[in-house]
Amino acid sequence: MEKTLGTIQTFSKIGKILSKIAYICCLVGGICCIVGLCSLAIGSGDVLKVGGVTIHGLIEKSADMKMGTIYAAVVNGAIGCAGGFVIALLCGKYFQHELEAGTPFTMEGAKELRRLGIFWICVPIITRTVMEIAYAVLAHIMEVSSKVDLMGDVSGVGIGITLIVVSFLCQYGAERLE
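Right, let's walk through the structure included here.

What counts, and at which threshold
- Counting starts from 1 at the beginning of each chain's written sequence and moves along it residue by residue.
- Only residues with pLDDT of 70 or above have their local features reported here, since the model is predicted, and side-chain atom pairs are shown and tallied only from 80 upward, although totals for entire chains, interfaces and linings are computed over all residues.
- Side-chain descriptors were evaluated using all non-hydrogen atoms of the structure, hydrogens and water having been removed beforehand.
- All axes here are fitted lines through C-alpha atoms, helices being fitted over the stretch that makes contact, and every angle between N-to-C directions spans 0 to 180 degrees.
- Runs of H or I in DSSP of at least four residues are treated as helices and runs of E of at least two as strands, each being numbered from the N terminus.
- Throughout, the term roughly parallel applies to angles under 35 degrees, roughly antiparallel to angles over 145, roughly perpendicular to angles from 65 to 115, and oblique to all others.
- Note on convention: near helix rotated counterclockwise from far helix by under a right angle means a left-handed crossing. Clockwise means right-handed.
- Classification convention: Asp, Glu, Lys, Arg as charged; Ala, Val, Leu, Ile, Met, Phe, Trp, Tyr, Cys, Pro as nonpolar; all other residues, Gly among them, as polar.
- Buried residues of nine kinds, namely Ala, Val, Leu, Ile, Met, Phe, Trp, Tyr and Cys, make up a nonpolar core once their side-chain atoms join them within 4.5 Å.
- When accessible area is computed with a 1.4 Å probe and restricted to protein chains, residues below 20% of their type maximum are described as buried, those above 50% as exposed, and intermediate ones as partly exposed.
- By definition, residues are in contact when any of their heavy atoms lie within 4.5 Å.
- Residues enter a patch when their relative accessible area is above 30% and they make no salt bridge; the linking distance is 9 Å between like charges and 5 Å between nonpolar side chains (Val, Leu, Ile, Met, Phe, Trp, Tyr).
- Note that accessible areas follow from Shrake-Rupley with a 1.4 Å probe, and for residues the cover is restricted to the protein chains shown.
- Only one rule defines a salt bridge in this text: a Lys or Arg side-chain nitrogen within 4 Å of an Asp or Glu carboxyl oxygen.

## Looking at the packing of helix α1 (residues 2-42) against helix α3 (residues 67-101)
Contact pair α1 / α3: the axes reach a minimum separation of 7 Å and the direction vectors enclose 155°. Between α1 and α3, the interaxial angle falls into the category roughly antiparallel. Crossing of α1 against α3: the hand is left-handed. The class makeup of the residues in the contact of α1 with α3 is 22 nonpolar, 10 polar and 3 charged.

Now the structure itself:
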């Protein structure tokens, strides 16, 4: 039994590390999207001009996209990073608390895992909805040349349901330990 608990704790340590990596990547990605969006806005017109060619012209030509499409892609990237940030942060907190408790079989841990499952279901759906709204607004305001791949899927529903089921198993284990 101690060997199995050791394995669980090892996976929790790995989960905590991976959550931290995902958290940092989402944070950096979101910041880069915001900085990119600001630089796109500031660099419009003749502000950034090299040899008679504007940076916007180079971007539009090399990416074969209108600036409105690029704005939509960057905004949706920031929104996607925000959703990933929330999930990674909550996962990291769960793993931290599980490691502090020394076992996943606590009532508090089961409740936290259930809440994490609910977030795994809701956050991707909310993120995708906000991305669609942002795209619709930008498409209405700016010239958007093509539909932007929103990169936001709702596959988190299956993971969320699994986490909720596992939370009940952990709760049952906590009840048995009492």
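## A word on the nonpolar core
Ranked by size, the top nonpolar core spans 10 residues in total: Ile87, Leu90, Cys91, Tyr94, Ala110, Leu113, Leu116, Val123, Leu163 and Cys170. Elements with a minimum of two residues in this core: α3, α4 (107-141) and α5 (156-177). Those residues within four positions of cysteine 91 in sequence are excluded, and the remaining contacts are Ser19, Leu116 and Trp120. By size, the runner-up hydrophobic cluster in this structure holds 8 residues, among which are Ala72, Val75, Ala134 and Val144.

## Looking at the packing of α4 against α5
As a packed pair, α4 and α5 sit with axes 8 Å apart at the nearest point and diverge in direction by 170°. Taken together, α4 and α5 sit at an angle that is classed as roughly antiparallel. Split into classes, the residues belonging to the contact of α4 with α5 amount to 18 nonpolar, 5 polar and 2 charged.

## Brief notes about the environment of tyrosine 71
Assignment of secondary structure puts tyrosine 71 in helix α3. Residue tyrosine 71 is classed as buried on the basis of its relative accessible area, which comes to 12%. For the pair formed by tyrosine 71 and alanine 41, sequence separation is 30 residues and the distance between their alpha carbons is 9.0 Å.

## Quick look at a nonpolar patch on the surface
Taken together, the side chains of Phe11, Ile14, Ile17, Leu18 and Ile21 define a hydrophobic patch exposed on the protein surface, amounting to about 510 Å² of accessible area. Relative to the assigned elements, isoleucine 14 resides in helix α1. Judged by its relative accessible area of 41%, isoleucine 14 is partly exposed.

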